[in-house]
Amino acid sequence: QVQLVESGGGLVQPGGSLRLSCAASGFTLDRTAIGWFRQAPGKEREGVSCIKSTSDSAWYADSVKGRFTISRDNAGDTVFLQMVNLKPEDTAVYYCATGSIVVASSPCPLEYDLWGQGTQVTVSS
């Protein structure tokens, strides 16, 4: 019965911005480790960002450092991915997922168990 739902994707010009949302149904995301992933057609899925808890430092892929920011809302039922200065290379379906195995030595969960359906981000002029 628990679900994750991504939203906020769309078509944007290079240099534009979008904020993606990952909303939980049936449970709370507060204190839950979350990862953001993306997959472009013909490409492997890649990790974009993750956070293990509200107090933990976030991790970002080199390709998005300085442009993407992961955060939680105060109620703990939504995780966001703020994306600025978008580039055509950012075009992909973006997914969020909950981490199922977390260790102190890794900035991101080692495994994920619950995934959303994805939201399309297209950056084109």
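The rules behind each value
Residues numbered from 1 in each chain as written. Predicted model: local features only at pLDDT ≥ 70, side-chain atom pairs only at ≥ 80, totals over all residues. Heavy atoms only, no water. Helix = DSSP H or I, 4+ residues; strand = E, 2+ residues; numbered from the N terminus. Contact = heavy atoms within 4.5 Å. Phe/Tyr/Trp six-rings, centres within 6.5 Å; stacked < 30°, edge-to-face > 60°. Lys NZ or Arg CZ within 6 Å of the ring centre and 35° of its normal. Disulfide = S-S within 2.5 Å. Salt bridge = Lys/Arg side-chain N within 4 Å of Asp/Glu carboxyl O. Buried < 20%, exposed > 50% of the residue type's maximum accessible area, 1.4 Å probe, protein only. Pairing = 2+ DSSP bridges. Axes fitted to C-alpha atoms, helices over the stretch in contact; angles between N-to-C directions.

Caption draft 1: Main features of the environment of Asn85. You can see Asn85 is positioned in the loop between β8 (78-83) and β9 (92-101). Considering only alpha carbons, one finds Asn85 and Val64, 21 residues apart in sequence, at a separation of 9.7 Å. In contact with Asn85, other than residues within four places in its own chain, are Gly15, Gly16, Arg67 and Asp90.

Caption draft 2: Quick look at the packing of aromatic side chains. This model, assessed by the stated rule, comprises 3 aromatic pairs. Taking 5.0 Å as the distance between ring centres and 90 degrees as the angle between the ring planes, the aromatic pair formed by Phe37 and Tyr112 counts as edge-to-face. Residue Phe37 is found in strand β4 (residues 34-39), and its partner Tyr112 is found in strand β10 (residues 111-115); the two are separated by 75 residues along the sequence. Connected via pairs of aromatic rings, a cluster forms that spans Phe37, Tyr112 and Trp115. The cationic tip of Arg19 hangs over the ring face of Phe80; the distance from NZ or CZ to the ring centre is 4.1 Å. Lying across the ring of Phe37, Arg45 places its NZ or CZ 5.2 Å from the centre.

Caption draft 3: View of the state of the cysteines. As enumerated under the stated definition, the model contains 2 disulfides in all. Each sulfur of the disulfide joining Cys22 and Cys96 lies 2.1 Å from the other. Where Cys22 bonds to Cys96 through sulfur, the torsion about that S-S bond is close to 80 degrees, and the disulfide is right-handed. Residue Cys22 is located in strand β3 (residues 18-25), and its partner Cys96 is located in strand β9; the two are separated by 74 residues in the primary sequence.

Caption draft 4: Quick look at the pattern of salt bridges. All chains considered together, the criterion is met by 5 salt bridges. In this structure, Asp62 engages Lys65 in a salt bridge whose closest nitrogen and oxygen atoms are separated by 3.1 Å. In this pair, the class of Asp62 matches that of Lys65, namely exposed. A cluster of three or more residues bridged by salt bridges with shared partners is formed by Arg38, Glu46, Arg67 and Asp90.

Caption draft 5: Up close: the sheet that holds strand β1 (residues 3-7). Strand order across the open sheet formed by 4 strands is β1-β3-β8-β7, with antiparallel pairing between neighbours. Whereas interior strands pair on both sides, the edge strands pair on one side only; in this sheet they are β1 and β7 (68-72). Averaged over all pairs of adjacent strands, the angle between strand axes in this sheet comes to 15 degrees, irrespective of strand direction. Across 5 bridges, the pairing between β7 and β8 is antiparallel. Directly across from Ile70, in β8, lies its bridge partner Leu81.

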